[in-house]
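Geometric and topological summary
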Amino acid sequence: MVLTFDPFREFDRLAGQMLGAPGVSGAATAAMPMDLYRSGDHFVLHCDLAGIDPGSVQVDVDGRVLTIRAERSARTDADVQWVRRERVTGTFERRLTIGDGLDLDRIAATWQDGVLTLTIPVAEAAKPRRIEIATGQSPVIEGSSADKAALTT
């Protein structure tokens, strides 16, 4: 059996108790874990959002930044005596910078069993394509003589 030593684990636990879980670095990541993979000509992103009302989830694209925002409300039962409370409540946000070559206008979002799934297609211009090779013909160059000179040098 291998034991690992994390000198910051106890510090993180104490900081979480003193500051509240949302104030601890990485709390939003822990509250919204995600998987991202490529499948054919699109990327698929799954975010676990168990216990969150799908109506509180918001997905935005601003420039090349994809933002996912969700809110988990705290239970408001007055007669509840908490024994242990580990599920983080509040507003969570993940921001991902999206590279060129994806079609941001065709992102699709679905919700099933507490999992938000985003499908992000690869843009047509970024897809691999085959260039046909013509044989037995000399190339036709149209345009000015300066254009012709630039192509031949």
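The following refers to the structure shown. (Residues numbered from 1 in each chain as written. Predicted model: local features only at pLDDT ≥ 70, side-chain atom pairs only at ≥ 80, totals over all residues. Heavy atoms only, no water.)

Section: the side chain of Thr67
Just so we agree on the cut-off: Under the scheme used here, helices are H or I runs from DSSP no shorter than 4 residues and strands are E runs no shorter than 2 residues, and both carry numbers assigned from the N terminus. Here, two residues are considered to be in contact whenever any of their heavy atoms come within 4.5 Å of each other.
With respect to the helices, strands and loops of the structure, Thr67 is situated in strand E4 (residues 65-72). Setting aside anything within four residues of it in sequence, one finds Thr67 in contact with Gln58, Val59, Asp60, Glu93, Arg94 and Arg95.

Comments concerning the environment of Leu45
Formally: Throughout this description, buried means an accessible area under 20% of the type-specific maximum (1.4 Å probe, protein chains only), exposed means over 50%, and partly exposed covers the range between.
In this structure, Leu45 sits in strand E2 (residues 42-48). Among the residues examined, Leu45 registers a relative accessible area of 0% and is labelled buried. Here the alpha-carbon distance between Leu45 and Leu116, two residues 71 residues apart in the chain, equals 8.0 Å. With sequence-adjacent residues up to four places away left out, Leu45 is seen in contact with Met34, Asp35, Leu36, Ile68, Leu96, Leu116, Thr117 and Leu118.

Let's talk about the sheet that holds strand E5 (residues 90-97)
Heads up, the condition is: One bridge is not enough; two strands pair if DSSP finds at least two bridges between them. Whenever a helix is involved, its axis is fitted only over the stretch in contact; in every case the axis is a line through C-alpha atoms, and angles between N-to-C directions fall within 0 to 180 degrees.
The three strands lie next to each other as E3-E4-E5, forming an open sheet whose pairing is antiparallel. What marks the edges here is a single partner per strand, and that holds for strand E3 (58-62) and E5. Neighbour-to-neighbour, the strand axes of the sheet open up by a mean angle of 15°, direction not taken into account. Relative to E5, E4 runs antiparallel, the two being bridged by eight bridges. Note that in E5 the partner of Arg72 across the bridge is Gly90.

Observations concerning the nonpolar core
In plain terms, the rule: Among buried residues, those of type Ala, Val, Leu, Ile, Met, Phe, Trp, Tyr and Cys that are joined through side-chain atoms within 4.5 Å constitute a nonpolar core.
Within the largest apolar cluster, 20 residues are counted, with the highest numbers of intra-cluster contacts made by Met32, Cys47, Leu49, Ile68 and Leu116. Secondary structure elements with two or more residues in this core: E2, E4, E5 and strand E7 (115-121). Ignoring anything within four residues of it in the chain, the contact list for Leu49 reads Met32, Val57, Ala70, Trp111, Gly114 and Leu116.

Topic: the sheet that holds strand E1 (residues 34-39)
The strand order across the open sheet built from four strands is E1-E2-E7-E6, with neighbouring strands paired in antiparallel fashion. Looking along the sheet, the strands with just one partner apiece sit at the ends: E1 and strand E6 (108-112). The mean angle between the axes of side-by-side strands here comes to 20°, regardless of whether they run parallel or antiparallel. Relative to E7, E6 is paired through five bridges, and the arrangement is antiparallel. Each bridged residue has a counterpart across the sheet, and for Gln112 the counterpart in E7 is Val115.

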